[in-house]
Protein chains: 2
Amino acid sequence: MTTTYSIGELAREFDVTTRTIRFYEDQGLLSPRRRGQTRIYSPADRTTLKLILRGKRLGFSLAESRDLIRMYRPASDNRQQLEALLERIADKRAQLERQLADIHVLQTELDDAEARTRQALTAL
Amino acid sequence: MTTTYSIGELAREFDVTTRTIRFYEDQGLLSPRRRGQTRIYSPADRTTLKLILRGKRLGFSLAESRDLIRMYRPASDNRQQLEALLERIADKRAQLERQLADIHVLQTELDDAEARTRQALTAL
DNA sequence: GGGGAAGTTTACGTTAACGTAAAGTGGCTC
DNA sequence: GAGCCACTTTACGTTAACGTAAACTTCCCC
């Protein structure tokens, strides 16, 4: 027997509303099974949701996350498409590198800011 | 004599529209000098703009960037406020750490995706 | 002095990512 | 069988971050 989740369980676990989860489905990022009307989420669905939320924390749009999700499964046997996929993966990688660099710059700027603030405090 | 920039120069350098730069001013993130009606940007203004755009690449809202800008200058001699500032700096630092972790996870996921894609390619 | 180019203000329009409200369904439990 | 809880659909509302258009000024050039 395999574990499943209700929409409410996932909403609570990741601190989002059920509206948000349904919206992601509407946008084609999730497609859970149904038992009657009710949505049943698999561990894979849960992983996908986690991926979306990770993307959000990095400022990705839902379109970008959808792209990321598609990267995560081959879903093609066409040479052209597979090679295009490799390019998109490389692009994403480059974007992540830029973000890493941005974070490092901001971190040292925070270092400076903290130092100056402590200076101002001891100067009182 | 100190270097200055026109709004068009900054727009070209950072690949944004002048509308965007004026919007940031409207939101209180920039406040350039004026010569008559015309805006004159200092190197400090330019640095601020760079900070905003760096924030954007990391998914910060303009409100967050405004906060970041305020962190970058003491702008207070009040003990309470300075200590509050230290907390906000620590918070930002924690957020950046989370983003770092998220990036690392995504990087290894891209590694996997690339490996699987190459597999699929050689399997043709 | 007519025409561009670059600047300005004002104002309405647009898109993404949900929030919020209304009205209904299915299952449980007392 | 009344009430409650978690789920559902439908649909209109909202906010952030600009885009876009109109009408104007300033300066330079020929």
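Just so it is clear, the model here is predicted, and its values are computed rather than measured. (Residues numbered from 1 in each chain as written. Chains lettered and ligands numbered in written order. Predicted model: local features only at pLDDT ≥ 70, side-chain atom pairs only at ≥ 80, totals over all residues. Heavy atoms only, no water.)

A. Region of interest: the nonpolar core. In terms of nonpolar packing, the biggest core is built from 53 residues, with I21(A) and I21(B) touching the most fellow members. When residues no more than four places from it in sequence are discounted, the contact partners of I21(A) are I7(A), L10(A), A11(A), V16(A), L30(A), Y41(A) and L49(A). (Core = buried A, V, L, I, M, F, W, Y, C linked by side-chain atoms within 4.5 Å. Buried < 20%, exposed > 50% of the residue type's maximum accessible area, 1.4 Å probe, protein only. Contact = heavy atoms within 4.5 Å.)

B. The arrangement of the interface of chain A and chain B in detail. Contacts between the two partners involve 42 residues from chain A, matched on the other side by 42 residues from chain B. E114(B) is paired through a salt bridge with R93(A); the nearest N and O atoms lie 2.3 Å apart. The tally of links from chain A across to chain B stands at ten residue pairs in polar contact (both at pLDDT 80 or more). Mapped onto the side of chain A that touches chain B, the elements with two or more residues apiece are α3 (43-57), α4 (62-72) and α5 (79-122) of chain A. With 29 residues, α5(A) is the largest single contributor of residues to the side of chain A that touches chain B. (Salt bridge = Lys/Arg side-chain N within 4 Å of Asp/Glu carboxyl O. Polar contact = N/O pair within 3.5 Å; in protein donor to acceptor, adjacent residues only side chain to side chain. Helix = DSSP H or I, 4+ residues; strand = E, 2+ residues; numbered from the N terminus.)

C. Seen up close, the protein's contact with DNA strand D. If you check the shell around DNA strand D, you find 17 residues, and the closest are R22(A), R39(A), T17(B), Y24(B) and L62(B). Close to the protein, within 4 Å, the atoms of DNA strand D are drawn from sugar and phosphate at a rate of 68%. K56(B) is positioned such that a nitrogen or oxygen atom in its side chain is 3.1 Å from a phosphate oxygen of DNA strand D. When residues of the surface near DNA strand D are traced back to their parent elements, those giving at least two are α1 (7-14), α2 (18-26) and β2 (38-40) of chain A together with α2 (18-26) of chain B. (Near = heavy atom within 4 Å.)

D. Main features of the domain arrangement of chain A. All names here are of chain A. Along its sequence, chain A is carved into domain 1 (1-73) and domain 2 (78-124). One C-alpha centre belongs to domain 1, the other to domain 2; they are set 26 Å apart. With six residues of domain 1 in contact, the opposing surface of domain 2 contributes seven residues. Summed over both sides, the interface between domain 1 and domain 2 buries roughly 630 Å², with carbon and sulfur atoms accounting for 60% of that surface. Of all residues in domain 1, the largest losses of buried area upon contact with domain 2 belong to L58, F60 and M71, amounting jointly to 67% of the total for that side. Put simply, domain 1 and domain 2 have two salt bridges between them. Measuring nitrogen to oxygen at the nearest pair gives 3.0 Å for the salt bridge that ties D67 to R88. Applying the counting rule to domain 1 against domain 2 returns three residue pairs in polar contact (both at pLDDT 80 or more). Within the side of domain 1 that touches domain 2, the residues separate by chemical class into four nonpolar, no polar and two charged. (Domains from an automatic or database assignment. Buried area = accessible area lost by both parts, 1.4 Å probe. Nonpolar A, V, L, I, M, F, W, Y, C, P; charged D, E, K, R; others polar.)

E. Representation of the relation of the copies chain A and chain B within the structure. Here chain A sits on chain B after a turn of 180 degrees about the axis and a move of 0.0 Å along it, with an RMSD of 0.0 Å. The relationship between the two copies is best expressed as a two-fold rotation axis. Relative to the rotation axis, the C-alpha of G59(A) is the closest in chain A, positioned 1.8 Å from it. (Least-squares fit on C-alpha atoms with pLDDT ≥ 70 in both.)

F. How the structure looks around the pattern of salt bridges. Within this structure, the stated rule accounts for 22 salt bridges over all chains. Residues R93(B) and D111(A) are paired through a salt bridge, measuring 2.6 Å at the closest nitrogen-oxygen approach. Highlighted residues: R93(B) in helix α5 (residues 79-122) and D111(A) in helix α5, drawn from two different chains. Judged by its relative accessible area of 39%, D111(A) is partly exposed. Here E25(B) and R39(B) are joined by a salt bridge, their closest N and O atoms 2.7 Å apart. Residue E25(B) is located in helix α2, and its partner R39(B) is located in strand β2 (residues 38-40); the two are separated by 14 residues in the primary sequence.

G. Quick peek at the protein's contact with DNA strand C. In the region of DNA strand C, 17 residues are neighbours, and T17(A), Y24(A), L62(A), R22(B) and R39(B) sit closest. At 3.2 Å, a side-chain N or O of T20(A) approaches a phosphate oxygen of DNA strand C. Interatomic distance of 3.0 Å between a backbone N/O atom of G8(B) and a phosphate oxygen of DNA strand C. At the level of secondary structure, the elements contributing two or more residues to the surface near DNA strand C comprise α2 of chain A together with α1 (7-14), α2 and β2 of chain B. Split by residue class, the surface near DNA strand C holds four nonpolar, seven polar and six charged.

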